[in-house]
Number of protein chains: 2
Amino acid sequence: MHDYFKEVESLAGKLPPGKLQFIPLGGIGEIGKNMAAVVHGNDIIMIDSGLAFPEEDMPGIDIVLPDVTYLLENRDRVRGIFLTHGHEDHIGALPYLLRHLNVPVYGARLTMGMVELKLTEHQLSLHPSSRALEPGEVVKAGSFSVELFRVNHSIPDACGLIIKNPVGTVVHTGDFKFDHTPVDGRVADFHRLAEIGKEGVLLLLADSTNAERPGYTPSERTVGKTFDRVMEGAEGRVIVASFASQVHRVRQVVEAAVRHHRRVAVVGRSMENVVQKAIELGYLDFPPGTWMDIEEIKKLPANQIVIVTTGSQGEPMSALTRMSTSDHRKVTIVAGDTVIISATAIPGNEKYVARTIDNLYRLGAHVVYGAASHIHVSGHACQEELKLMHNLVRPKFFVPVHGEYRHLVHHAQIARDVGMDPSHVLIGENGAVFEFTRESGAIVGTVPSGRVLVDGVGVGDVGNIVLRDRKQLANDGILIVVVGMDAQSGLLVSGPDIVSRGFVYVRESEALLDEARQRVKSALATLEGNNLSEWSSIKSAVRETLGRFLWEKTKRRPMILPIIMEV
Amino acid sequence: MHDYFKEVESLAGKLPPGKLQFIPLGGIGEIGKNMAAVVHGNDIIMIDSGLAFPEEDMPGIDIVLPDVTYLLENRDRVRGIFLTHGHEDHIGALPYLLRHLNVPVYGARLTMGMVELKLTEHQLSLHPSSRALEPGEVVKAGSFSVELFRVNHSIPDACGLIIKNPVGTVVHTGDFKFDHTPVDGRVADFHRLAEIGKEGVLLLLADSTNAERPGYTPSERTVGKTFDRVMEGAEGRVIVASFASQVHRVRQVVEAAVRHHRRVAVVGRSMENVVQKAIELGYLDFPPGTWMDIEEIKKLPANQIVIVTTGSQGEPMSALTRMSTSDHRKVTIVAGDTVIISATAIPGNEKYVARTIDNLYRLGAHVVYGAASHIHVSGHACQEELKLMHNLVRPKFFVPVHGEYRHLVHHAQIARDVGMDPSHVLIGENGAVFEFTRESGAIVGTVPSGRVLVDGVGVGDVGNIVLRDRKQLANDGILIVVVGMDAQSGLLVSGPDIVSRGFVYVRESEALLDEARQRVKSALATLEGNNLSEWSSIKSAVRETLGRFLWEKTKRRPMILPIIMEV
């Protein structure tokens, strides 16, 4: 595996007393790869270590990691990584980071369980001092003392962080919402927030994902009511697709299944893994007689079957997508099946989800999806909840985090609306160095930040040049022009031969390619007499001639690759 | 230009008396490339001739056309093309179709104006019998007589079709909604619909785009109120991005600008063309002193300027997108500007629109966008409007058109909800042959249908093989392996040389490529003594060896292209 972290000149030494820095390395101005550093004196603690999924302009890329150059330059100062919850965009970069920076990792119990699942996959183990924390428990990390406080989110054990240090208390909400009737009965810790707000908070860092949305996010429980309604009315099997990590959603499916005398089968590798782990840690319970092996579905009447599976985003290889195209080994969709898509499409996935729904309808299934059908609620706080958070914590300074730029702008406005001094609301981007004293806050500089692309086992070996080539290849294909030249005379002795891929149907375009060959031939003729030292000029002649000709004829710009062989 | 239409055996001869066929060639099970044929006896008339925009799995493709093989086989029977309105997905295929099938084209005045714009671009002219029709005017086309009736939509002069013939009346709604307070005062022709419904309608073909959405689509006028509100509050320039064809939207911008003492500049080629044409045909009016040349924006105070432009979908080359990245020659976004994105993102464009909004905020602009801000209304009927259409027309048979499969399913349910005999509601897909008598209706067969891809000037020369290659090239790149072999001895005399593009950074992966070279070399050694006739086996040896090696090392599957030169 490549070592993609280049060691460069140190960017930050010991911080003078009375100063505190917050340095986001990901998750600001984007959704995903959440990671940040908090710096005091000679100590650095990290908040989360997440990955992002590739954008449409990153063909072939599997995942995207934050650039952690800054941390590796200051590796001796990093005292630990504190995780807010177990989602990929908060823990997914750990397997890559820990190879280079093996420091203690802390998080709530299920969060650490998810980390364990992930590290086992990568055959890695945690630093021995790593451990699961109970909310309220305080961990010392250099001059920091850090405490988790419970919030609500779309995965159990989601927490925010209270980070005490000599300059002033920092509160990081993590991803959160306020659910007054949570499925596990564990409401966000309003009391601790009120208490800490009363003591005085220097800096609030809060989730901005839903800052555009007015009102409140409904309780997760409302989804359970929908499951009841659907199972009540369904004559056949009920198939529920959701995110594997949505343990509370799965729990509500199981509870509804029990009420409607159905048994539950779990399908899809990631769903099976998470469900197993959640059961093992006591976050999920299948009452006796509820669990069903997928092999048994043929033995039971359809109206006694519920299947929980993955694929709510229409991911090509997921279980539900395969079912929708009749490609799944275990489950065949038939008329009478009811499929619940218990999620909303993540931006960029809308078309995949729509295609899956269309295909399920083509197979005769009834499909329950979309906002109007109340089969999903967001895991993030809307505007009224954000206002409540601000009013509980009452920070001196505020930096909106976790959101694309427009979300940060809206969240900043909310902070001003609840009465914050506008000059104390700071919007920055990844890599910005936010520096605070007890009285002041400002962006004072930047550290390296950006995206590191993972393709297969390669980390960072695909960069802008490779991506640019991939895009050109994707749009117009490639032409390879092979010519044999005599080294001495510089005469063309064989070729030019042209091979193309992704450009045109060769069969239907022979005339075009023949003419292309002629153009190259005559271009080379004018160059004859060149010797080896000038092959570069031969190559550029081939590129120019062919490029101009093909643009004229086809209005396409395929990549042109001249290969000259000395014969 | 390629002739992509392959002449094959005729699929349909003269229809026996008493039979009528409806054959959709596009727009069913998809949004876009709307085109259909109605067949009676020896006569065929066409409804619309639209294009679609490429899906994310069609790299490099510019536009998508319906397969019109069926029409060309029956070219002598085609009596004319009737257009419902001037949107690309209803007229965009005309320039390609008319080259092969030059028949009369009919449509309302603005529709024909849009066609004219399009054909001029392509240096084509219409069949002499083509002409603009007034709603209510009847055109004879073989045994058909066709009449336009006014509906409301997001472009002026949108119409539906009443198609009379000996078997029974067919009503096609086109894209429609019911707007009781339209900007141009022209409400849909309820009276004609009621009248024709009373006379008796055999078949209704109706727009399904919004069949998922309950209630009514709001009136276009509601958007005008928002323009007033925003211009009222804006201290600087107001920039409105919308679709060029949204003439009523532009009209409301101009009207609001007049009320707030602002002048209006039009920016973006397509917007300029459509606005000119709309003014010329009397569908749009700039009162004296309202029109402003974009060059003048520096001379006027910011609070007296409105700019109407394109780019509401975040299209990379559009005016607004260029402004958002400070790449526009004429307009530089500054703090204090207010940008209104007066559209919703077409599925697949969400991320581009979001990026544009983020970039506008980064430049300090205030951005008005999204459902909550009421700066856009749909052009399509929601469920209550669809029910009204069904109850006015009271057809014997119904085929939902214009929508992805789930939209058709919802629309079919609506038809049953208003009381239609379920066996008279027929859902099909592109290419299905719907056949009707006065008493019966069924799908009786299929004709060729599908997508013809346009890339540059090439029409149909990019097919599945080329697309598959483009996708592989995009995901993992390509390796070209060049070897020189002695024709006689079959011995390797030069190479193997490996050139790669879109695979890895060559600089950082020299070791990998060196080892690859060695692997190929030894694989070839085992094959030595082969003669020319077995080069194929040499090529497959190279592919296998290298493929396996690279998968092991990188978990990537680049295209591998062995090139053997006889030396």
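Each residue is numbered by its place in its chain's sequence as written, counting from 1. All chains are assigned letters beginning at A, and all ligands numbers beginning at 1, according to the order in which they are written. At least 70 in pLDDT is required for a residue's local features to be given in this predicted model, at least 80 for side-chain atom pairs to be given and counted, and no such filter applies to totals for whole chains, interfaces and linings, which use all residues. With hydrogens and water set aside, each side-chain value is computed from the structure's full complement of heavy atoms.

**Focus: the sheet that holds strand 4 (residues 63–66) of chain B**
Residues and elements named next belong to chain B.
Okay, step 1: Two strands pair if DSSP finds at least two bridges between them. Going along the chain from the N terminus, every DSSP run of H or I of four or more residues is numbered as a helix, and every run of E of two or more is numbered as a strand. Spatially, the 3 strands line up as an open sheet ordered 4-21-22, and their pairing is antiparallel. What marks the edges here is a single partner per strand, and that holds for strand 4 and strand 22 (458–459).
Okay, step 2: Summarising the sheet, strand 4 and strand 21 (residues 451–455) pair through 4 bridges and their orientation is antiparallel. Its bridge partner being in strand 21, Val 64 is matched across the sheet by Leu 453.

**A few points about the environment of Asp 293 of chain B**
Residue and element names in this part refer to chain B.
Okay, step 1: Of note, Asp 293 is situated in the loop between helix 8 (269–280) and strand 15 (305–309).
Okay, step 2: Think of it in three bands: with a 1.4 Å probe and only protein chains considered, a residue is buried below 20% of the maximum accessible area for its type, exposed above 50%, and partly exposed in between. By relative accessible area, which is 36% here, Asp 293 ends up partly exposed.
Okay, step 3: Counting along the chain gives 29 residues from Asp 293 to Val 264, while the straight-line C-alpha distance between them is 8.1 Å.
Okay, step 4: Nitrogen and oxygen atoms within 3.5 Å of one another constitute a polar contact, given that in protein one can donate a hydrogen and the other can accept it, and given that sequence-neighbouring residues count only through two side-chain atoms. Engagement of the side chain of Asp 293 in a polar contact is seen with the backbone nitrogen of Glu 295, the distance being 2.8 Å.

**Brief notes about the UniProt feature "binding site: Ca(2+)" (unreviewed entry) in chain A**
Okay, step 1: UniProt positions are given in the numbering used here, feature names are shortened, and annotations may be inferred rather than shown by experiment. Under the present numbering, the feature "binding site: Ca(2+)" (unreviewed entry) in UniProt falls on Gly 60, Asp 62 and Asp 455 of chain A. These annotated residues cover 396 residues of sequence, and their C-alpha atoms all fall within 6.6 Å of one another, placing them together at a single site.
Okay, step 2: Within the secondary structure layout, Gly 60 of chain A lies in the loop between strand 3 (43–47) and strand 4 (63–66).
Okay, step 3: Excluding residues that lie within four positions of it along the chain, Gly 60 of chain A makes contacts with Asp 455 and Arg 470 of chain A together with Ala 474 and Asn 475 of chain B.
Okay, step 4: With respect to the secondary-structure elements, Asp 62 of chain A resides in the loop between strand 3 and strand 4.
Okay, step 5: Contact partners of Asp 62 of chain A, with chain neighbours within four places excluded, come to Phe 53, Pro 54, Val 454, Asp 455 and Gly 456 of chain A. Should any heavy atoms of two residues lie within 4.5 Å, those residues are considered in contact.

**Considering the packing of helix 4 (residues 109–121) of chain B against helix 8 of chain B**
Residue and element names in this part refer to chain B.
Okay, step 1: With axes taken as lines fitted to C-alpha atoms, and helix axes fitted only over the stretch in contact, angles between N-to-C directions fall between 0 and 180 degrees. One can describe the packing of helix 4 onto helix 8 by two numbers: an axis separation of 10 Å at closest approach and a directional angle of 130 degrees. With respect to helix 8, the element helix 4 is oriented oblique. Between helix 4 and helix 8 lies a crossing of right-handed hand. Packed against helix 4, whose contacting residues are Gly 113, Met 114, Glu 116, Leu 117 and Glu 121, the element helix 8 presents Arg 269, Asn 273, Val 274 and Lys 277 at the interface.
Okay, step 2: Side-chain classes are defined by residue name, with Ala, Val, Leu, Ile, Met, Phe, Trp, Tyr, Cys and Pro counting as nonpolar, Asp, Glu, Lys and Arg as charged, and the others, Gly among them, as polar. Across the contact of helix 4 with helix 8, the residue classes break down as 3 nonpolar, 2 polar and 4 charged. Comment on the angle field: the value is read as roughly parallel under 35 degrees, roughly antiparallel over 145, roughly perpendicular from 65 to 115, and oblique elsewhere. The handedness criterion is simple: a crossing whose near helix is rotated anticlockwise from the far helix by less than a right angle is left-handed, and one whose near helix is rotated clockwise is right-handed.

**What to know about the sheet that holds strand 7 (residues 131–132) of chain B**
Residues and elements named next belong to chain B.
Okay, step 1: Strand order in the open sheet formed by 8 strands is 7-6-5-3-2-1-19-20, with mixed pairing between adjacent strands. Single-partner strands in this sheet number two, and they are strand 7 and strand 20 (441–446).
Okay, step 2: Strands in contact with helix 4 are strand 6 (105–107) and strand 7; relative to strand 6, the strand with the most contacts, it is inclined by about 135 degrees.

**So, the pairing of strand 1 (residues 20–26) of chain B**
Residues and elements named next belong to chain B.
Okay, step 1: Here strand 1 lies mainly inside the structure; 7 of its 7 residues are buried.
Okay, step 2: The sheet contact formed by strand 1 and strand 2 (residues 35–40) spans 6 bridges and is antiparallel. Each residue of the ladder has a partner; that of Pro 24, found in strand 2, is Ala 36.
Okay, step 3: As defined by bridge partners, strand 1 adjoins strand 19 (residues 432–436) across 3 bridges and the pair is classed as antiparallel. Bridge pairing in strand 19 places Phe 22 opposite Phe 434.

**Notes on the domain arrangement of chain A**
Residues and elements named next belong to chain A.
Okay, step 1: Domain annotation of chain A identifies domain 1 (7–215 + 379–459), domain 2 (221–371) and domain 3 (477–566).
Okay, step 2: In this entry, domain limits derive from an automatic or database-based domain assignment. Averaged C-alpha coordinates put domain 1 and domain 2 at centres separated by 32 Å.
Okay, step 3: Contact residues are listed per partner, giving 17 residues for domain 1 and 14 residues for domain 2.
Okay, step 4: The junction of domain 1 with domain 2 conceals about 1,500 Å² of combined surface from both sides, 60% of it contributed by carbon and sulfur atoms.
Okay, step 5: Any carboxyl oxygen of Asp or Glu that lies within 4 Å of a side-chain nitrogen of Lys or Arg is treated as forming a salt bridge with it. Between domain 1 and domain 2 we count 2 salt bridges in total.
Okay, step 6: The residue Lys 277 makes a salt bridge to Glu 116 at a minimum N-O spacing of 3.0 Å.
Okay, step 7: Our enumeration of links across domain 1 and domain 2 arrives at 8 residue pairs in polar contact (both at pLDDT 80 or more).
Okay, step 8: Looking at the side of domain 1 that touches domain 2, its residues break down into 7 nonpolar, 4 polar and 6 charged. Buried surface area refers to the total accessible area, computed with a probe of radius 1.4 Å, that the two partners give up upon joining, counted for both partners together.

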